[in-house]
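Residue-level structure breakdown
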Amino acid sequence: MATAFSSDGAEVMQRAVIPAEASGRSPTTRLEEFYELERAAAFVSDNGFTKVALQFPDELLPDSASLASKMEAATGAKMYILGDTSYGSCCVDEVAAEHVGAEAVVHYGPACLSPCRKLPVLHVFGRKQLDVARCTEVFRELHPDPLAHVVVLSEVAYFHSLDSLAALLHPIYPNVVFSQLDNKELQPVPGLVKKFGRHFVVDSQHGLDNYAMFYVGCEGPELTNFMLSWNRCPFSSFNPQTGQGRRETLDVNRALRRRLYLVERARDAQVVGIVVGTLGVADYLSVLEHLRGIIQRAGKRAYTLAVGKPNPAKLANFLEVDIFVLVACPQNSLLDSADFYRPVVTPYELEMACNPARTWTGSYVTDFRHLLPGACAHTPFPDKVSEADSEPSISLITGELRSTCLYTAPDPEPSSGTSVTCRSHMHMAESSPAGMCPRGRERIMLTVHTNGGKSHLLGPFL
């Protein structure tokens, strides 16, 4: 019997093998063309890499062995296949790549396009087929006004077809804007919008809020992320798999009300668990320190948890935690915590709960890097609470009074390292009287941060 907090393993044993058709590659599309073998081989050869990690999501694993063999034959370098990733498959798994001493990573499949910390990365999205004529027909049905201001977004696997789509739409729709992938040579211009590894330029006088969004791709967390981030813009979409278009009916206001309810839960919380949901996205260490600081200033206790992919069973071990905050890429940060014992919020939502200077403006932030000092959405923590805000507030959930006073954050202690690292079983045995972990069971390392300092604990077995 399995519940939300435990599993008997039957699901794993009964899981069906993913068919090759799930990759999105049609039988007539050659492997070399779909995975851009020539471009990937040039990336390895031109940089002189001798060890390269090839990262695949589950749906592309059936092609991994054949592709790795072709890459080795084309480059002479040693290829390592990364399957089950440490966190979300859309993020580059630098941790697994470092285990084999890889000098670079070729990431295949859907990607969140979050910048990486250490290793050079080449993204190969896979060239999924798009019926451009049908997509154009759907666009004209959904946007009959030829003067409509529309931004066209897409899944990364369909980026290669946007130029063909633009060639058909631009003669009819002069105000349509197509998003492009970010590049280092990009120069700031009026109306430039950069988000989620993409950029586009809108009419600065017309304003982004007055544009409509047209998304080419399937329904999923990426589309939800776009809709919450640009919640003032109407959305429509075209699903290439079904050939159908629609106006998106997701109640954005209802989704935002749900997120604001979680902010209220975070205000009531006294113990916060910071769940590390990535070890590869740039600046994740900076946002961890940033969150610890605002939690301590708000008079709460912070636990830093590194548990791999979060699930209800893992987080249910920490009953003393009132709420969790997930530090992950934008696509994985919006975790549906309905099955979790305690709610899971984003760094932006936690900052809204703890930082009295941050108020709801209608703009929702899913990229935690935008909250850091110097970023576009950073709000400094006030030195003191104003007299108007110093009166105790009343919880909208429990009806109890909450203190609004701020606490002085302790001086940061020198760290012995710059990242979360694995500890050997011998070191764990020396640091805990419980000794070695039983075979087949996992322990969770965590750090407890309070106003008086911090201490390291060895978490329960899983």
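Presented here is a report on the structure given in the accompanying data block. What you see is a predicted model, and the numbers here were worked out from it, not measured in a lab.

1. Considering the sheet that holds strand β8 (residues 192–195)
An order of β7-β9-β8 is seen for the 3 strands of this open sheet, with the pairing classed as antiparallel. At either margin of the open sheet sits one strand with a lone partner, and together these are β7 (180–181) and β8. Sheet topology note: the β8/strand β9 (residues 198–201) ladder contains 4 bridges and is antiparallel. What sits directly across from V193, in β9, is F200.

2. Comments concerning empty space enclosed by the protein
Tallied over the entire structure, the rule returns 5 cavities of 30 Å³ or more. Its boundaries defined by the atoms lining it, the largest cavity holds a volume of some 60 Å³. Of the residues contributing to the lining of the largest cavity, the split by class is 5 nonpolar, 5 polar and 2 charged. What lines the second largest cavity is simply C90, C91, V92, C112, L113, S114, P115, C116, H123, G280 and V281.

3. Considerations on the sheet that holds strand β2 (residues 78–82)
Across the sheet, 4 strands lie side by side as β2-β1-β3-β4; this open sheet has parallel pairing. Of all strands in the sheet, those bounded by a partner on one side alone are β2 and β4 (121–124). This sheet shows a mean twist of 20° between the axes of neighbouring strands, independent of strand direction. Packed onto the sheet, helix α3 (residues 37–47) meets β1 (51–55), β2, β3 (104–108) and β4 and runs at close to 175° relative to β4. In the packing of helix α4 (residues 64–75) onto the sheet, the strands contacted are β1, β2 and β3, and the crossing angle to β2 comes to about 160°.

4. Considering the pairing of β3
Regular strands have side chains that alternate between both faces of the sheet. Among the 5 residues in β3, 5 count as buried, and that is most of the element. Because side chains alternate across β3, one face comprises the buried residues A104, V106 and Y108, and the other comprises V105 and H107, equally buried. Strand direction decides the pairing type here: β1 and β3, joined by 4 bridges, are parallel. Bridge assignment links Q55 to a residue of β3, and that residue is H107. Summarising the sheet, β3 and β4 pair through 4 bridges and their orientation is parallel. Paired with V106 across the strands is L122, a residue of β4.

5. Quick notes on unusual backbone geometry
Notably, L113 is not glycine yet its phi reads approximately 65°, a positive angle. Here L113 is to be found in the loop between β3 and β4. Here L113 falls in the buried class, since its relative accessible area comes to 17%. The phi dihedral of D283 falls on the positive side, at around 70°, and the residue is not glycine. Relative to the elements of secondary structure, D283 occurs in the loop between β13 (271–276) and α10 (284–297).

6. Some points on a nonpolar patch on the surface
A cluster of nonpolar side chains, Y261, L396 and I397, forms an exposed patch at the surface whose accessible area comes to about 310 Å². Checked against the element boundaries, Y261 lands in helix α9 (residues 252–268).

7. Overview of the packing of α3 against α4
Put simply, α3 and α4 touch, their axes get as near as 10 Å, and they point 50° apart. With respect to their mutual orientation, α3 and α4 come out oblique. For the pair α3 and α4, the crossing hand works out as right-handed. Where α3 abuts α4, its residues L37, A40, A41, V44 and S45 lie against L67, K70, M71, A74 and T75. Of the residues in the contact of α3 with α4, the class split is 7 nonpolar, 2 polar and 1 charged.

8. What to know about the state of the cysteines
Under the counting rule described, the total for this entry stands at 0 disulfides. Between C112, a free cysteine, and C91, which holds the nearest cysteine sulfur, the sulfur-to-sulfur gap is 3.7 Å.

9. Remarks on the pattern of salt bridges
The final tally for this structure, using the stated rule, is 14 salt bridges. In this structure, the salt-bridge partner of R232 is D209, at a minimum N-O distance of 3.9 Å. In this pair, R232 is assigned in the loop between α8 (221–229) and β11 (235–239) and D209 in the loop between β9 and β10 (212–216), connecting sequence segments 23 residues apart. With its nearest N and O atoms 2.9 Å apart, the salt bridge here joins D367 to R369. Each of R30, E32 and K70 takes part in a single network of salt bridges with overlapping partners.

10. Looking at the packing of α10 against helix α13 (residues 347–354)
At a minimum axis distance of 9 Å, the contact between α10 and α13 shows a crossing angle of 25°. Taken as axis vectors, α10 and α13 run roughly parallel relative to one another. Of the two elements, α10 crosses α13, and the hand of that crossing is left-handed. Judged by residue contacts, H290, L291, I294 and I295 of α10 engage P347, L350, E351 and C354 from α13. Split by residue class, the contact of α10 with α13 holds 6 nonpolar, 1 polar and 1 charged.

11. Overview of the packing of aromatic side chains
Scanning the entire structure with this criterion turns up 12 aromatic pairs. Residues F139 and Y173 carry aromatic rings whose centres are separated by 5.0 Å and whose planes lie at 85° to one another, so their mutual orientation is edge-to-face. Residue F139 is located in helix α6 (residues 132–142), and its partner Y173 is located in the loop between α7 (162–169) and β6 (176–178); the two are separated by 34 residues in the primary sequence. Just as F139 is buried, Y173 falls in that class too. Each member of the aromatic cluster is reached from another via a ring pair, and the members are F196, F200, Y215, F226 and W230.

Calculation rules
In this numbering scheme, every chain counts its residues from 1 along its sequence in written order. Only residues with pLDDT of at least 70 are given local features in this predicted model, and only at 80 or more are side-chain atom pairs given and counted; all residues enter the totals for whole chains, interfaces and linings. The side-chain numbers reported here are obtained from all heavy atoms of the structure, hydrogens and water having been left aside. At least two DSSP bridges between two strands are needed for those strands to be called paired. The helix count covers DSSP runs of H or I at least four residues long, the strand count covers runs of E at least two residues long, and both are numbered beginning at the N terminus. A 1.4 Å probe that fits into a set of points on a 1 Å grid over the protein atoms alone but cannot get out defines a cavity; an open set with protein on both sides within 12 Å along at least five of seven lines defines a pocket, and lining residues are those with an atom within 4 Å of a point. Grid points are joined across faces, edges and corners, and a volume is the space filled by probe spheres set on the points. Residue polarity follows a fixed list, in which Ala, Val, Leu, Ile, Met, Phe, Trp, Tyr, Cys and Pro are nonpolar, Asp, Glu, Lys and Arg are charged, and the others, Gly among them, are polar. Note on geometry: axes are lines fitted to C-alpha atoms, helical ones only across the stretch in contact, with angles between N-to-C directions running from 0 to 180 degrees. Two residues form a contact once any of their heavy atoms are found within 4.5 Å. Three exposure classes are used, based on accessible area relative to the maximum for each residue type with a 1.4 Å probe and protein chains only: buried under 20%, partly exposed in between, and exposed over 50%. Every patch collects residues that have over 30% relative accessible area and no salt bridge, joining them within 9 Å if they carry like charges and within 5 Å if they are nonpolar side chains (Val, Leu, Ile, Met, Phe, Trp, Tyr). What sets the accessible areas is the Shrake-Rupley method with a 1.4 Å probe; for residues, cover comes only from the shown protein chains. Salt bridge criterion: a side-chain nitrogen from Lys or Arg within 4 Å of a carboxyl oxygen from Asp or Glu. Angle categories are assigned with fixed cut-offs, so that under 35 degrees is roughly parallel, over 145 is roughly antiparallel, 65 to 115 is roughly perpendicular, and the rest are oblique. Left-handed describes a crossing in which the near helix is turned anticlockwise from the far one by less than a right angle; the clockwise case is right-handed. Any cysteine sulfur atom paired with another within 2.5 Å is treated as part of a disulfide. Centres within 6.5 Å are what make two rings of Phe, Tyr or Trp a pair, Trp counting through its six-membered ring; a difference in plane orientation under 30 degrees is then read as stacked, over 60 as edge-to-face, and the rest as tilted.

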